[in-house]
Amino acid sequence: MSNMQLKNEELKVICAEDCGNAPKKKLIKEFNIAFANYDIGFISENISGEICWNLVGEQLVIQGKDVLAATLEQMKNKKIIELQITSIITHGNTGAANGVIKYENAKTFAFCNVYIFSSAAKNAKIKDITSYVIEVPSS
C-alpha cells in the first residue's frame, strides 16, 4: 500500500491512496482533514442538523450543528500540524477512520472515529460521530 502525502496549508496529511476510492471513504478522509484544519464550513456542509458527537473518555456529548461549530471555534487555538490516517472503513450507513494527530505543542494522539450516516446513500450526511482519543508518546 503506497502512501499519499498532501500539504494542506501548514497541515501535513499522510493517508493511504485507497482511502478515497469510494464516496464515503473520500468524505471521511476530507472530513478528518477539515477537522484538523477546523474548517467549520466544510464540516457544516457534511453533517446533519441533529449531529451528535460523543467524545468517549471525556464524558462529553456535543449535539447540534451550531454547538459543534462553536466547539470547533473554541478548539482553533490548538494547532494540528500533522494528520496521519491509517485506515478508513465503510459499510452501508457506517464508517470509521483511525490514525494519529500531532499538535504544534508536540503532543500526539491516536484516534478512532466511528461515523453513522443519515442513510446508506452516496450523498448522505454524517449524523453521529463517536471519537476515541488517547495521548501517545511523541515519536
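Check the entry above for the structure.
If you're wondering where the values come from, they're calculated on a predicted model, not measured in any experiment. (Residues numbered from 1 in each chain as written. Predicted model: local features only at pLDDT ≥ 70, side-chain atom pairs only at ≥ 80, totals over all residues. Heavy atoms only, no water.)

A. Up close: the overall build of the protein chain. Broken down by element type, the protein chain carries three helices and eight strands. Ordered by position from N to C terminus, the α and β elements of the protein chain give β-β-α-α-β-β-α-β-β-β-β. For the protein chain, buried positions account for 40% of its 139 residues. Partitioning the contacts of the protein chain with sequence separation of at least 6, the portion at a separation of at least 24 is 45%. When the accessible area of the protein chain is evaluated, it comes to approximately 7,800 Å², of which 51% is carbon and sulfur surface. (Helix = DSSP H or I, 4+ residues; strand = E, 2+ residues; numbered from the N terminus. Buried < 20%, exposed > 50% of the residue type's maximum accessible area, 1.4 Å probe, protein only. Contact = heavy atoms within 4.5 Å. Areas by Shrake-Rupley, 256 points an atom, 1.4 Å probe, with all protein chains shown as cover.)

B. Examining the packing of aromatic side chains more closely. Counted according to the given criterion, the structure contains four aromatic pairs. Look at F31 and F35: their rings are 5.4 Å apart centre to centre, the planes differ by 50°, and that puts the pair in the tilted class. With F31 and F35 both in helix 1 (residues 23-36) and four residues apart, the pair spans about one turn of that helix. Across the pair, exposure class does not vary: F31 and F35 are buried alike. Grouping aromatic residues by their ring pairs yields a cluster made of F31, F35, W53 and Y115. If you follow K24 out to its NZ or CZ, it ends over the ring of F117, 5.2 Å from the centre. (Phe/Tyr/Trp six-rings, centres within 6.5 Å; stacked < 30°, edge-to-face > 60°. Lys NZ or Arg CZ within 6 Å of the ring centre and 35° of its normal.)

C. Seen up close, the side chain of D128. The topology assignment puts D128 in strand 8 (residues 126-136). Here D128 occupies a buried position and makes no salt bridge, while the nearest side chain of opposite charge, K127, is found at 7.6 Å. (Lys, Arg positive; Asp, Glu negative; His and termini not counted. Salt bridge = Lys/Arg side-chain N within 4 Å of Asp/Glu carboxyl O.)

D. Region of the structure containing the nonpolar core. Of all hydrophobic cores here, the largest spans 35 residues; its most connected members are F31, I43, L68, L83, Y115 and I126. Among the elements that make up this core, the one with the highest residue count is helix 1 (seven residues). Contact partners of I126, with chain neighbours within four places excluded, come to F31, N46, I47, S48, I51, Y115, I116 and F117. (Core = buried A, V, L, I, M, F, W, Y, C linked by side-chain atoms within 4.5 Å.)

E. Region of the structure containing the pairing of strand 3 (residues 47-56). Here strand 3 pairs with strand 8 via six bridges, running parallel. Its bridge partner lying in strand 8, V56 is registered against Y132. Between strand 3 and strand 4 (residues 60-63), which pair antiparallel and follow one another directly, the connecting turn spans three residues, one of which, G57, has a positive phi of 90°. (Pairing = 2+ DSSP bridges.)

These values are about where atoms sit, not about what they do.
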